[in-house]
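Inside the fold
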Amino acid sequence: MNPYWLLLWLWVFCAVVMSAGWLWQQRTRNATLVDVLWSACLGIGALMFAVFGDGALWPRIALGLAGGLWGLRLALHLGVRAHGKPEDGRYLAMRERWQDAAPFRFFLVYQLQALIVVLFALPFLAVAKNDATRPVWLAIGAVIWLVSVGGEAIADRQLHRFRTNPYHAGKTFRRGLWRYSRHPNYFFEWLHWFACVCFAVGSPVWWLAWVGPVVMYLFLRYLSGVPWTEMQALRSRGNDYRDYQRTTPMLFPWFPRQP
């Protein structure tokens, strides 16, 4: 199958899934599920391009394993974190601000996520059309993937353990990977997209692979990642989080500054 057609089929699939997710949030008044669906759809997208792409076998195998496992891990993590919990503060703030317009606007939010999945599938297209097998670049990509997914999983686990202790309510976690970055999970999420860049070396549309790290950085740094998370942290933790902001790098890990 021509991989370009896969973009269309992926969008149709995601639009249907997100519509079902929107109906679910209409019933539960909890829109947090959209993050789980986004991760799962992107992982499924990687598998689609790996199976139906027309490029060399080994880059597609690397894509299927890396993208599929990444999407599965992130979807499970987000799902477990959200299960039985109130609506994420980001979406609760939207719901309160939008009032009666919330149902329609949340539908647009869910459908926008379907389009964003297609945008982030462009690196998968670059790998799926790669007709060259370059073992060194595949190995480098695998190392990047292992480091980034492992780092993100460790950061998520460290924060989860801290938050499950009621004694830590209203406090900021400052140990482990979170000592060196206020958002180590976002850093590793960004880093992971360089694996696709490596898997796509030799592809006639290799430049599409750079959509992953470039667009993900813009989203995390300026749109849906850091700004929303820090706004919520300041609302819930106040001066304790402001002190954390003064001493700890935002995204790229480094040693903390003296207060």
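Scroll up to find the structure.
The structure contained in this document is the topic of the report that follows. Nothing here was measured: the structure is a model prediction, and the numbers come from that model. (Residues numbered from 1 in each chain as written. Predicted model: local features only at pLDDT ≥ 70, side-chain atom pairs only at ≥ 80, totals over all residues. Heavy atoms only, no water.)

1. Quick look at helix α11 (residues 226–237)
- Relative to the 16 Å expected for twelve residues at 1.5 Å per residue, α11 spans 16 Å between its end C-alpha atoms, a close match to the ideal helical length.
- Among the residues making up α11, those that are buried are Val226, Glu230 and Ala233. Seen end-on, α11 carries its buried residues on one side only, within an arc spanning 60 degrees.
- Gly238 sits one or two residues past α11 and shows a positive phi near 55 degrees. (Helix = DSSP H or I, 4+ residues; strand = E, 2+ residues; numbered from the N terminus. Expected span 1.5 Å × (residues − 1). Buried < 20%, exposed > 50% of the residue type's maximum accessible area, 1.4 Å probe, protein only. Arc of directions from axis to C-beta.)

2. Side note on the pattern of salt bridges
- Scanning the model with the defined rule gives ten salt bridges in all.
- Its salt-bridge partner being Lys129, residue Asp54 comes within 3.9 Å of it at the nearest N-O pair. In this pair, Asp54 sits in the loop between α2 (33–52) and α3 (57–82) while Lys129 sits in the loop between α6 (122–128) and α7 (135–163), placing the two residues 75 residues apart along the sequence.
- We classify Lys129 as buried; its relative accessible area is 18%.
- In this structure, the salt-bridge partner of Arg73 is Asp156, at a minimum N-O distance of 3.0 Å. On the criterion of sequence distance, the pair formed by Arg73 in helix α3 and Asp156 in helix α7 is long-range, its members being 83 residues apart.
- Take Asp156: its relative accessible area is 8%, and that puts it in the buried class. (Salt bridge = Lys/Arg side-chain N within 4 Å of Asp/Glu carboxyl O.)

3. Re the packing of aromatic side chains
- All told, the structure shown has 23 aromatic pairs when counted by the stated rule.
- Ring centres 5.9 Å apart and planes at 80 degrees place the aromatic pair Tyr180 and Phe255 in the edge-to-face group. Of this pair, Tyr180 sits in the loop between α7 and α8 (184–192) while Phe255 sits in the segment after α12 (239–247), and the two are 75 residues apart along the sequence.
- Of the residues examined, Tyr180 reaches a relative accessible area of 29% and is grouped as partly exposed.
- Both rings, one in Phe187 and one in Phe252, keep their centres 5.9 Å apart while their planes meet at 75 degrees; by these two values the pair is edge-to-face. Linking Phe187 in helix α8 with Phe252 in the segment after α12, this pair joins segments that are 65 residues apart in sequence.
- In this structure, Lys171 packs its charged tip against the face of Tyr167, placed 3.7 Å from the ring centre. (Phe/Tyr/Trp six-rings, centres within 6.5 Å; stacked < 30°, edge-to-face > 60°. Lys NZ or Arg CZ within 6 Å of the ring centre and 35° of its normal.)

4. A closer look at the side chain of His183
- In this structure, His183 sits in the loop between α7 and α8.
- His183 gets classed as buried once you look at its relative accessible area, which sits at 3%.
- Polar contacts involving the side chain of His183 include one to the side chain of Glu230, which spans 2.8 Å.
- The contact partners of His183, leaving out residues within four places of it in the chain, are Trp178, Val226, Thr229, Glu230, Tyr241, Met250 and Leu251. (Polar contact = N/O pair within 3.5 Å; in protein donor to acceptor, adjacent residues only side chain to side chain. Contact = heavy atoms within 4.5 Å.)

5. Details of the packing of α8 against helix α10 (residues 211–223)
- At a closest axis distance of 8 Å, the pairing of α8 and α10 adopts a crossing angle of 160 degrees. With respect to α10, the element α8 is oriented roughly antiparallel. For the crossing formed where α8 meets α10, the hand is right-handed. Residues Tyr186, Glu189 and Trp190 of α8 touch α10, and the partners they reach there are Pro213, Met216, Tyr217 and Leu220.
- Among the residues forming the contact of α8 with α10, the class breakdown is six nonpolar, no polar and one charged. (Axes fitted to C-alpha atoms, helices over the stretch in contact; angles between N-to-C directions. Parallel < 35°, antiparallel > 145°, perpendicular 65-115°, else oblique. Left-handed = near helix turned anticlockwise from the far one by under 90°. Nonpolar A, V, L, I, M, F, W, Y, C, P; charged D, E, K, R; others polar.)

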